Amino acid sequence: MQIGVIGLGRMGGNISRRLIAHGHEVVVFDRNADAVTALAKDKATPAKSLEELTSHLTKPRTVWVMLPSGTPTEETVLALSELFEDGDTIIDGGNSFWKDDIRRAKSLKPRGIHYVDVGTSGGIWGPERGYCMMIGGDKDAVDRLDPIFKTLAPGLGTISRTPGRERRDPRAEQGYIHAGPNGAGHFVKMVHNGIEYGLMQAYAEGFDILQGRAHESLPQDERFDLNLPDIAEVWRRGSVIASWLLDLSAIALAKDPELDAFKGNVDDSGEGRWTINAAIEEAVSANVLSAALFARFRSRIEHSFGEKLLSAMRSQFGGHVEGALEQHGLADKPKT
């Protein structure tokens, strides 16, 4: 099947390569000419502009946009809408806000242009493992693109089949679903990423507790110098908390047990915030997910103004001296 791909970063470039490796014809464009040249060496058809990319595609044309959410995606979809015609399809495979998908689809519909939102998970491992995809859009457009989604998906692999799924949509077992109308794909991916924040924070806190057991403030006979790489490894095998995130943690700890290569300033890409906003709209309690998001905010500052105010209030109402516990050797373990 023929498809255009715009945005050749880690995800877009690797998606293109996986499609090419499975016999699809891929036309590529990126503002970075070097990225286009690199994909051309992998047998992609290069384009120097959106206009040229469009001219290489046979109707009904399909383009997969893999750009950062917000302005880059918005401007690209708008530009494509001026080049595309009735029956063509624009796929947004990035992490766009799901309400933007609904708006874009409505604006394109009068011109007969299909819009499909694809929440895509897989990261840098996608070329080998495949991509988990959550798709939103009208049925005809999604069904027409099934060869693309089937190629990108991981397939059944070695995961055991879930009992009772015999009469359900087989695509879920392959690693992709048609979640619903426009916006549904990115909505499901948004919640997926919110859950990801919570899972990652749980692992982070657990390993922080394990590491802290060796601190000198604890009684000598209650200190343990625990081997974190070995603990991560043994938990991967038969444990109820085994997961791919734990696999990745084990790789990182085996390479760098003290994680000296990292400062611990944790970014968020937006989906966690949107998940919490959705929870507020639905009046759903999301204690773990919101705490995980706030922990990321906290990781980026040493001491906030609010914490200074806490110290000031303690001084005012009780005469408490800031840092008194440290002065008396009673402070909690420092962060390392």
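Residues numbered from 1 in each chain as written. Predicted model: local features only at pLDDT ≥ 70, side-chain atom pairs only at ≥ 80, totals over all residues. Heavy atoms only, no water.

A closer look at the overall build of the chain
From N to C terminus, the chain includes 16 helices and eight strands. Dimensions of the chain, computed from the C-alpha atoms along their principal axes, are close to 75 × 45 × 45 Å. Residues counted as buried form 37% of the 336 residues belonging to the chain. Considering only residue pairs separated by 6 or more positions, the chain has 64% of its internal contacts joining residues 24 or more positions apart. Here the chain displays about 19700 Å² of accessible surface, and carbon together with sulfur accounts for 56% of that area. (Helix = DSSP H or I, 4+ residues; strand = E, 2+ residues; numbered from the N terminus. Buried < 20%, exposed > 50% of the residue type's maximum accessible area, 1.4 Å probe, protein only. Contact = heavy atoms within 4.5 Å. Areas by Shrake-Rupley, 256 points an atom, 1.4 Å probe, with all protein chains shown as cover.)

Some words on the environment of Gly272
Turning to its location among the elements, Gly272 is positioned in helix 13 (residues 271–282). Judged by its relative accessible area of 3%, Gly272 falls in the buried class. Residues Gly272 and Pro257 lie 15 residues apart in sequence; the distance between their C-alpha atoms is 28 Å. Discounting residues that sit within four places of it in the chain, Gly272 has contacts with Tyr197 and Leu293.

Quick look at unusual backbone geometry
The omega angle of the peptide bond from Lys59 to Pro60 is -5°, so this bond is cis rather than trans. Backbone geometry at Lys43 places phi at a positive 80°, although glycine is not the residue there. Mapped onto the secondary structure, Lys43 falls in the loop between helix 2 (33–41) and strand 3 (45–46). Overall, Lys43 belongs to the exposed group, its relative accessible area being 74%. Residues other than glycine seldom take positive phi values, yet Leu259 does so here, at roughly 55°. Take Leu259: it is sitting in the loop between helix 12 (244–255) and helix 13.

Observations regarding the packing of aromatic side chains
The final tally for this structure, using the stated rule, is eight aromatic pairs. Judged by centre distance (6.0 Å) and plane angle (40°), the rings of Phe294 and Phe297 are tilted. Remark: Phe297 and Phe294 occur in helix 14 (residues 287–298); sequence separation between them is three residues, near one turn of the helix. Through a chain of ring-to-ring contacts, the aromatic side chains of Phe97, Trp98, Phe187 and Trp274 assemble into a single cluster. When the ring centre of Trp244 is taken as origin, the NZ or CZ atom of Arg129, which lies over that ring, is 3.9 Å away. The ring centre of Tyr197 lies 3.7 Å from the NZ or CZ of Arg296, which sits over that ring. (Phe/Tyr/Trp six-rings, centres within 6.5 Å; stacked < 30°, edge-to-face > 60°. Lys NZ or Arg CZ within 6 Å of the ring centre and 35° of its normal.)

A closer look at the nonpolar core
Counting 29 residues, the largest nonpolar core has Trp64, Val116, Met133 and Phe149 as the members making the most contacts within it. Breaking this core down by element, the ones donating at least two residues are strand 1 (2–6), helix 1 (10–21), strand 2 (25–29), helix 2, strand 6 (114–121), strand 7 (132–136), helix 7 (139–144) and helix 8 (146–152). With four residues, the single largest contributor to this core is helix 1. Dropping the residues within four chain positions of it, Phe149 is found in contact with Trp64, Val116, Val118, Met133, Ile135, Val142 and Tyr176. (Core = buried A, V, L, I, M, F, W, Y, C linked by side-chain atoms within 4.5 Å.)

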